[in-house]
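Topology and contacts: notes
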Amino acid sequence: MTIEASAAIDAPVFSRHQREEVPGRDGRRYTIAPLTYREKQAFSADMTRAGYFHPGQLRIFAAMREALRQIAPDNLPDLLLVVDEYEANPPGQALSPAVQMQVDVIEAAVRAVPGFAVLVSQRDEWWGAMPLFLLSHALRGWEGDGLPLFTRKNGRVPLDLVDAMDGDIELVGFRAWALTHPTPSAEKNSAAPSPVAETEGLSPAA
């Protein structure tokens, strides 16, 4: 058996430690901000209390190598080199399209191996819930039809209010993640956007 892969589409690069307005569906607009240090800790604690656990990339890399050895493809040495390149990639920096495609194919091939499957399931559940919990801390206001009155309580937007964003949660949540964790190159090269007025409390963003 041989596992092969070709090119992939590279991911966009985000940055800017500033507030930003993000358009949603049906003319809705959301104001978000990168999380402060304390907000990051609170976000992490919220995820843990809710039962979500991210195993960490080091464990993912080790489990991926072990799973490859278990299925023993003909090109095992080459695939282990791909995992090495994946692990050596600087945090927050997108993989090259070719390597990303190879990683995706490797993961798909070993996803059913029990030890790897458990870690990937935990990772995917964490990322699936992340936008909802992150927006609880990152949102600074919103406006648009169908949205309730914007409210922050004790530094958080209640999760039942974030739920009202419905189909916009993932889009806006991942944008908030990108603002909080910009890549080094994007942070260096990006210009700051126009400032957005403070919208804490019970008023929607302007």
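In this numbering scheme, every chain counts its residues from 1 along its sequence in written order. In view of the model being predicted, local features appear only for residues whose pLDDT reaches at least 70, and side-chain atom pairs are presented and counted only at 80 or more, with totals across whole chains, interfaces and linings using the full set of residues. Side-chain figures throughout are based on the complete set of non-hydrogen atoms in the structure, without hydrogens or water.

**Regarding unusual backbone geometry**
Quick note on the threshold: Only DSSP runs of H or I covering at least 4 residues are called helices, and only runs of E covering at least 2 are called strands; the numbering of each starts at the N terminus. When a residue's accessible area, from a 1.4 Å probe over protein chains only, is under 20% of the maximum for its type it is buried; when over 50% it is exposed; and in between it is partly exposed.
Of note in this structure, Ala72 is not a glycine but carries a positive phi near 50°. Even without a glycine there, the phi angle at Asp166 is positive, about 50°. One can find Asp166 in the loop between helix 6 (159-162) and helix 7 (169-180). Overall, the relative accessible area of 54% leaves Asp166 in the exposed class.

**Re the pairing of strand 1 (residues 20-23)**
Selection criterion: DSSP-based pairing: two strands are paired if at least 2 bridges between them are found.
Side chains Glu20 and Val22 of strand 1 all project onto a buried face; the interleaved residues Glu21 and Pro23 project onto a face where none is buried. Between the antiparallel neighbours strand 1 and strand 2 (residues 29-32) lie 5 residues, among them Asp26 with a positive phi of about 55°.

**Let's talk about helix 1 (residues 37-49)**
Where we set the bar: Multiplying 1.5 Å by the helix residue count minus one yields the expected span of that helix. By construction, the arc corresponds to the directions joining the helix axis to the C-beta atoms. Residue contacts are counted whenever heavy atoms from the two residues lie within 4.5 Å of one another.
The terminal C-alpha atoms of helix 1, which comprises 13 residues, lie 19 Å apart, in line with the 18 Å expected from a rise of 1.5 Å per residue. All of the buried residues along helix 1 are Glu39, Ala42, Phe43, Asp46 and Met47. Along the axis of helix 1, the buried positions cluster into a sector of 140°, meaning they face one direction only. Structural note: helix 1 exposes Tyr37, Arg38, Thr48 and Arg49 on the side pointing more than 90 degrees away from its buried face. Next to the buried residues of helix 1 lie helix 5 (114-138), strand 3 (139-143) and helix 7.

**A closer look at the packing of helix 2 (residues 57-71) against helix 4 (residues 97-110)**
Formally: For helices, the axis comes from a line fit to the C-alpha atoms of the stretch in contact; other axes are also lines fit to C-alpha atoms, and the angle between any two N-to-C directions lies between 0 and 180 degrees. Crossings are sorted by hand: turned counterclockwise from the far helix by less than a right angle, the near helix makes the crossing left-handed, and turned clockwise it makes it right-handed. For this classification, the nonpolar set comprises Ala, Val, Leu, Ile, Met, Phe, Trp, Tyr, Cys and Pro, the charged set comprises Asp, Glu, Lys and Arg, and every other residue, Gly included, is treated as polar.
Two numbers describe how helix 2 lies on helix 4: the axes approach to 10 Å, and their chain directions differ by 65°. Note that helix 2 runs across helix 4; the crossing there is left-handed. Residues Met64, Ala67, Leu68 and Ile71 of helix 2 form the contact with helix 4, whose participating residues are Ile106, Glu107, Ala109 and Val110. A class-by-class count of the residues in the contact of helix 2 with helix 4 yields 7 nonpolar, no polar and 1 charged.

**A look at the confidence of the model for the chain**
Applicable threshold: As a per-residue measure, pLDDT tells how confident the predictor is, with possible values from 0 to 100.
The predicted model of the chain has a mean per-residue pLDDT of 82, with 80% of residues at 70 or higher. Mean pLDDT in the chain bottoms out at helix 8 (residues 184-189), which sits at 50, and peaks at strand 2, which reaches 97. Note that pLDDT drops below 50 for residues 1-16; the model gives that stretch 53 contacts with residues more than four away or on any other chain. Within the model, pLDDT remains below 50 along residues 186-206, and this stretch shows 45 contacts once partners closer than five positions in the same chain are excluded.

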